[in-house]
Amino acid sequence: MSDAPASVQPPDAGHTAHRFFVIQELLGTPELARFYTDILINSPTTIMAARERQDFSKSTAYKYANMLEELGVAEELDEYQDGSALWHADPVSGNWTDEITLEFGPAIIAVYGATSVDDDLQLYVDRHGKAALAPAVMGTITYLQGERTRRGVADDLGIPAVEAIAVTQAIERVLAVLKDFDPTLSDVTFEVDVHERAIEQGPYQHVDE
């Protein structure tokens, strides 16, 4: 019998650590997060179609596709459309616990990805830091649930009302598209409608191919 101490790691420790690494990688690379999000909401889709929607070069698109495959959140299927392989992405989520617990899912990842193309989101990050974006997403969710006004969100975040209006409008354009693709939002009901024109101005479009 071995005298080695029994492992204290839970059975899913490796899986949890991998999810943490994947989320960290996506949050740290907005363009990669944006590409991941486009494939997720349009799966199955081709890399060429995703790159056209997100305006990436061919080389960058395939680089990001390979990175997502290595991270285990996207895969190339044995199916084709117009001669190009179809790809599928899976939603990834996890919790971060400090003073409070934040649940990171595809919606938050998508918002971080949108900072690479949305001026209002980039300005917010420049002023308050990347970490401040997650509470802004949570505040926008409460607004869409009808539990807060935009000015109420401003008070919660400790920012001017005009800034809260700009950032929540930018975030809601993302949340409206990601709602049905994010398991962390499956029990959330949005009472406030996001206008279709606003969604069309956002960085993500769900396209029936």
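For the structure itself, look to the data block above.
Let me sum up the structure you'll find in this document. (Residues numbered from 1 in each chain as written. Predicted model: local features only at pLDDT ≥ 70, side-chain atom pairs only at ≥ 80, totals over all residues. Heavy atoms only, no water.)

### A short note on the side chain of Thr-37
So, point 1. Structurally, the position occupied by Thr-37 is in helix H2 (residues 30-42).
So, point 2. Within the local environment of Thr-37, its side chain forms a polar contact with the backbone oxygen of Ala-33, the two atoms lying 2.8 Å apart.
So, point 3. Once residues within four sequence positions are removed from consideration, Thr-37 is found in contact with Ile-109, Ala-110, Leu-178 and Tyr-204. (Helix = DSSP H or I, 4+ residues; strand = E, 2+ residues; numbered from the N terminus. Polar contact = N/O pair within 3.5 Å; in protein donor to acceptor, adjacent residues only side chain to side chain. Contact = heavy atoms within 4.5 Å.)

### A word on the layout of surface pockets
So, point 1. Its volume calculated, the largest pocket comes out at about 480 Å³.
So, point 2. Phe-20, Ile-23, Leu-27, Trp-96 and Phe-104 are the residues nearest the centre of the largest pocket, which is lined by 17 residues in total.
So, point 3. Elements that contribute at least two residues to the lining of the largest pocket include exactly helix H1 (13-28), strand S4 (94-97) and strand S5 (101-104).
So, point 4. Top element by residues in the lining of the largest pocket is H1. It accounts for seven residues.
So, point 5. Class assignment for the residues of the lining of the largest pocket results in nine nonpolar, six polar and two charged.
So, point 6. Put simply, the second largest pocket is a space of about 150 Å³.
So, point 7. Along the walls of the second largest pocket sit Glu-103, Ala-107, Ile-108, Val-137, Met-138, Ile-141, Leu-175, Asp-182, Thr-184, Leu-185 and Val-188, which together make up its complete lining.
So, point 8. Counting residues per element, the ones that place at least two in the lining of the second largest pocket are helix H5 (106-114) and helix H7 (133-144). (1 Å grid on protein atoms, 1.4 Å probe; cavity = no way out; pocket = protein on both sides within 12 Å on 5 of 7 lines; lining within 4 Å. Points joined across faces, edges and corners; volume = space filled by probe spheres on them. Nonpolar A, V, L, I, M, F, W, Y, C, P; charged D, E, K, R; others polar.)

### Describing the packing of aromatic side chains
So, point 1. Using the criterion set out here, one finds three aromatic pairs in the structure.
So, point 2. Ring geometry for Phe-35 versus Tyr-64: centroids 6.2 Å apart, planes at 50°, classification tilted. Of the two residues, Phe-35 is situated in helix H2 and Tyr-64 in helix H4 (residues 58-71); the sequence distance between them amounts to 29 residues. Here Phe-35 and Tyr-64 have matching classes, each one buried. (Phe/Tyr/Trp six-rings, centres within 6.5 Å; stacked < 30°, edge-to-face > 60°. Buried < 20%, exposed > 50% of the residue type's maximum accessible area, 1.4 Å probe, protein only.)

Worth remembering: the numbers are spatial, not functional.
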